Amino acid sequence: MITKEHPMTPLLRMDRIPHIWCPTCGIGTAVSCFAAALKQNEIPLEKVAIVSGIGCTGRVAGYMKVDSFHTTHGRAIPFATGLKLARPEMKIVVFSGDGDLFAIGGNHFIHAARRNMDLTVICVNNFIYGMTGGQLAPTTPLSAKSTTSPYGNYEHPFNLPHLAASCGATYVARWTALHIRRLTNSMSEALNKKGFSFIEVIAPCSTVYARRNRLGSGLDLMKFYHDNCEIKNGANPEEADIGFQSKIIVGKFVDKEKPSFIDNMHVGLKRALGDKYIPYGGDDGAK
Amino acid sequence: MKADPKGVLTGEHYLDGDFACAEGALAAGCRFFAGYPITPSTEVAERFSERIPEVGGIFIQMEDEMASMNAILGASWGGVKTMTSTSGPGFSLMMENIGLGAMMEVPCVVVNVQRGGPSTGLPTMVGQADMMQARWGSHGDYEIIALSPNSPQECFYVAIEAFNLAEKYRVPVFIMMDECVGHMTEKVIIPPAEEIELYPRRLTNSPPAEYLPYMPEDDLVPSMIIAGQGYKIHTTGLTHDERGYPVMTAEAQEKLVHRLINKIRLNADHIIHIEEEDTEGAEVVVVSYGISSRVALAAIDEARAAGIRVGRLRLITVWPFPEKRIRELAPKVKAFVVPEINYGQMVLEVERCAAGQAKTILVSHGGGDVHNPQDILEAIKESIK
Ligand code: SF4
């Protein structure tokens, strides 16, 4: 059947297209995989919200046609925490970048993972601050160049899946913008997972990261992923460090069951208060 | 709309200001509290953690004050009335997202039980030096509302008023307490729920296809939605248009920021709540708030006994500042005397509004204690010379 409408149209704010992302940027791929995951699961769109921070990936909230919140730098996770607790029936997804989530927002990430807060966090990791023109990120590999590490980075970067797993996330996966099918499946699994799920999407930033490090175009980076990614489901995330243009271990690393924050809150308060416990019902405290 | 009896602890109690503030919030329908421990406001959080599971609400202790502030903004979009509480250092951390609350127009209430500063300052001792921070603390141009109670009983009522104003004007509202008011224990009478009037959330009547999240109504305040109801809104801390979409132009900035400011300024007469006594015919008016307003009473009594005609004007609303009333009084009095536990903050507003028509005298105090009423008395005597 021929339709005039692009299949993603109901999921996107078409009145905001064209988007601001550069050609061959990997963020768009992450967004279309996410849209496909929502479709696959037939999740009613009114029951999904996206919360983003600041940066190139922070703009995702502005393009998806769901309740979408573009918050301050690093603060998407606590904003999402409040929203989730107030609307527990919704699926709340944090979509943001590596600098936003792990530098300025790092404290919120580790605590949300520790609490096993019922959130899905998708991090597009392009190893750099794109929006501000290519500065050092907490994920920039050793020796990679950025505008604030012009002689090559000498800071150790985060291994994001290892960080998420150690803090208690119940679902942890890493894919690249090349692994469309697997990434979509992981997003679908994460959306259906209780508690804190985390997906890292390694994605090309053609404009600043690739150019500054003379890695060619976005397409060259995709070729690099093709030749250098090793799929290792169930691998120990501790071994998934990323070096400059080194092999990238991808896969689903953690998928386990653990009571979520909301489960634990109900159980704990019910045990202590018995019938005096009135679970939150979303009312507005008025008659 | 009346309060839900579930949250109203009707009866006579002995409560400190922090607890009374928490009870006022629960009576006002607050059902979500996110906070971080900090002296001297911790008791507000403690009271919530104990009481809120019994009234159908949620308490969460966040990892810091930036998180607390964001959590209450997120939860407010989920349709619940929200609060956090803190003191100076935490208030500083909240400033970033108080700006977000002002920009996204999110109803919420922030309590600051003030202690001595700057920095860690005097954690367990009184201060009133965050009054200007409350007004100007986040970057950019915006208006907020701030209230300052002077007793546990008033903490209860001011908390209800704060929620009503937050809902009506879709703005973060501050309750600017101080350590003395927060920690003093007095009788608090909590009325029956049916005597508590609440302002409901301004939810839109438009269907999703016609709804524009930032299209103002006549009083310049737009109506709101609850996340998850199919409106699929976008909201951002960026300058935005009526659709909530980012627009990076000077015109969009002018339109938006002008409205954010005017929705408070043009409604100031409806917002402002002050207490006056003997201001008509007074030669001196003592302008004060919080604990200083109670300390000043002794000085006022003595001055009156000495034959000085002293009026009293107490700021319950501190922001927006009741400038109209000060302007009216200025040509009729010789002086305003302003005792505050700082080196001159609200006095600057009094002076601005007096515009040279009356003397404005600050009675300063660095914090850690309240004024000696004698100092206020001297200032009153000095002011009429
Ligand atoms: S700067 Fe980099 S991350 Fe940002 S849109 Fe361009 S390619 Fe993508």
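This is a predicted model, so every value here is computed, not measured.

**Re the overall build of chain A**
Then comes step 1: Scanning chain A from N- to C-terminus turns up 9 helices and 10 strands.
Then comes step 2: For chain A, the C-alpha radius of gyration of 19 Å lies close to 19 Å, the compact-globule estimate for 287 residues.
Then comes step 3: Expressed along its principal axes, the backbone C-alpha trace of chain A runs to roughly 65 × 45 × 30 Å.
Then comes step 4: When the 287 residues of chain A are sorted by exposure, 59% land in the buried category.
Then comes step 5: Counting only contacts in chain A whose residues sit at least 6 apart along the sequence, the fraction spanning at least 24 positions is 67%.
Then comes step 6: With the model as given, the accessible surface of chain A reaches about 11800 Å², and the carbon-plus-sulfur share is 56%.
Then comes step 7: Distance between charge centroids for chain A: 2 Å, based on 32 positive and 24 negative side chains.

**Things to note about the sheet that holds strand β16 (residues 359–364) of chain B**
All names here are of chain B.
Then comes step 1: What the 5 strands build is an open sheet, ordered β11-β13-β12-β15-β16; its pairing is mixed. Looking at which strands have only one partner, the edges of the open sheet turn out to be β11 (274–277) and β16. Taken over all neighbouring pairs, the strand axes of this sheet differ in orientation by 20° on average, direction set aside.
Then comes step 2: Contacts from helix α13 (residues 373–383) reach β12 (284–288), β13 (310–315), β15 (335–340) and β16 within the one sheet, and its direction differs from that of β16 by about 165°.

**Topic: unusual backbone geometry**
The phi torsion of most residues other than glycine is negative, and most of the peptide bonds are trans.
Then comes step 1: That bond from G117 of chain B to P118 of chain B is cis: its omega, 0°, falls within 30 degrees of zero.
Then comes step 2: Structurally, P118 of chain B can be placed in the loop between β5 (108–116) and β6 (122–126).
Then comes step 3: In this structure, P320 of chain B follows W319 of chain B across a cis peptide bond, with omega equal to -5°.
Then comes step 4: Although it is not a glycine, T24 of chain A sits at a positive phi angle of roughly 65°.

**Some points on the sheet that holds strand β4 (residues 120–125) of chain A**
Hydrogen bonds along the backbone pair up the strands of a sheet, which may run parallel or antiparallel.
Then comes step 1: The 9 strands are arranged β9(A)-β10(A)-β7(A)-β8(A)-β4(A)-β3(A)-β1(A)-β2(A)-β10(B) in an open sheet whose pairing can be described as mixed. Both outer strands of the open sheet, β9 (229–231) of chain A together with β10 (234–236) of chain B, are each paired with one neighbouring strand and no more. Strand after strand, the sheet turns through a mean of 20° between neighbouring axes, direction not considered.
Then comes step 2: The pairing of strand β2 (residues 67–70) of chain A with β10 of chain B spans 3 bridges and is parallel. Paired with H70 of chain A across the strands is T236 of chain B, a residue of β10 of chain B.
Then comes step 3: Docked against the sheet, helix α5 (residues 160–167) of chain A engages β4, β7 (171–176), β8 (197–202) and β10 (248–255) of chain A, running at close to 175° with respect to β8 of chain A.

**Topic: the domain arrangement of chain B**
Residues and elements named next belong to chain B.
Then comes step 1: Domain assignment breaks chain B into domain 1 (11–195) and domain 2 (276–383).
Then comes step 2: Relative to domain 2, the C-alpha centre of domain 1 lies at a distance of 26 Å.
Then comes step 3: Listed per partner, the contact involves 26 residues of domain 1 and 24 residues of domain 2.
Then comes step 4: For the pair domain 1 and domain 2, the summed buried area comes to about 2000 Å², and 57% of that belongs to carbon and sulfur atoms.

**Points about the site of the ligand**
Then comes step 1: Around the ligand sit W21, C22, C25, C56, N126, G130, C205, S206 and T207 of chain A, and that is every residue in its neighbourhood.
Then comes step 2: Here the shell around the ligand is built from residues that sort into 5 nonpolar, 4 polar and no charged.

**Concerning helix α1 (residues 17–27) of chain B**
Residues and elements named next belong to chain B.
Then comes step 1: Where burial is concerned, most of α1 is hidden: 10 out of the 11 residues are buried.
Then comes step 2: The N-cap residue of α1 is D16: its side-chain oxygen and the backbone nitrogen of D18 are 3.2 Å apart.
Then comes step 3: G29 occupies a position one or two residues after α1 and carries a positive phi of about 100°.

**Details of the pattern of salt bridges**
Then comes step 1: In total, this model carries 45 salt bridges over all chains according to the counting rule given.
Then comes step 2: Across the pair K252 of chain A and E189 of chain A runs a salt bridge whose closest N-O atoms are separated by 3.1 Å. Note that K252 of chain A is positioned in strand β10 and E189 of chain A in helix α6 (residues 180–191), a separation of 63 residues in sequence.
Then comes step 3: You can call K252 of chain A partly exposed: its relative accessible area is 24%.
Then comes step 4: Residue classification places E189 of chain A among the partly exposed positions, given a relative accessible area of 34%.
Then comes step 5: Its salt-bridge partner being K2 of chain B, residue E197 of chain B comes within 2.5 Å of it at the nearest N-O pair.

**Here we look at the pairing of strand β3 (residues 91–97) of chain A**
All names here are of chain A.
Then comes step 1: For β3, the buried fraction is high: 6 of the 7 residues fall into the buried class.
Then comes step 2: Bridge count between strand β1 (residues 48–52) and β3: 4 bridges; the pairing is parallel. Opposite V48, over in β3, you have K91 as the bridge partner.
Then comes step 3: When β3 meets β4, the two strands line up parallel, connected through 5 bridges. Paired with S96 across the strands is C123, a residue of β4.

Criteria and cut-off values
- Residues numbered from 1 in each chain as written.
- Chains lettered and ligands numbered in written order.
- Predicted model: local features only at pLDDT ≥ 70, side-chain atom pairs only at ≥ 80, totals over all residues.
- Heavy atoms only, no water.
- Helix = DSSP H or I, 4+ residues; strand = E, 2+ residues; numbered from the N terminus.
- Rg over C-alpha atoms; globule rule 2.2 N^0.38 Å.
- Buried < 20%, exposed > 50% of the residue type's maximum accessible area, 1.4 Å probe, protein only.
- Contact = heavy atoms within 4.5 Å.
- Areas by Shrake-Rupley, 256 points an atom, 1.4 Å probe, with all protein chains shown as cover.
- Lys, Arg positive; Asp, Glu negative; His and termini not counted.
- Charge placed at Lys NZ, Arg CZ, Asp CG, Glu CD.
- Pairing = 2+ DSSP bridges.
- Axes fitted to C-alpha atoms, helices over the stretch in contact; angles between N-to-C directions.
- Domains from an automatic or database assignment.
- Buried area = accessible area lost by both parts, 1.4 Å probe.
- Near = heavy atom within 4 Å.
- Nonpolar A, V, L, I, M, F, W, Y, C, P; charged D, E, K, R; others polar.
- Polar contact = N/O pair within 3.5 Å; in protein donor to acceptor, adjacent residues only side chain to side chain.
- Salt bridge = Lys/Arg side-chain N within 4 Å of Asp/Glu carboxyl O.

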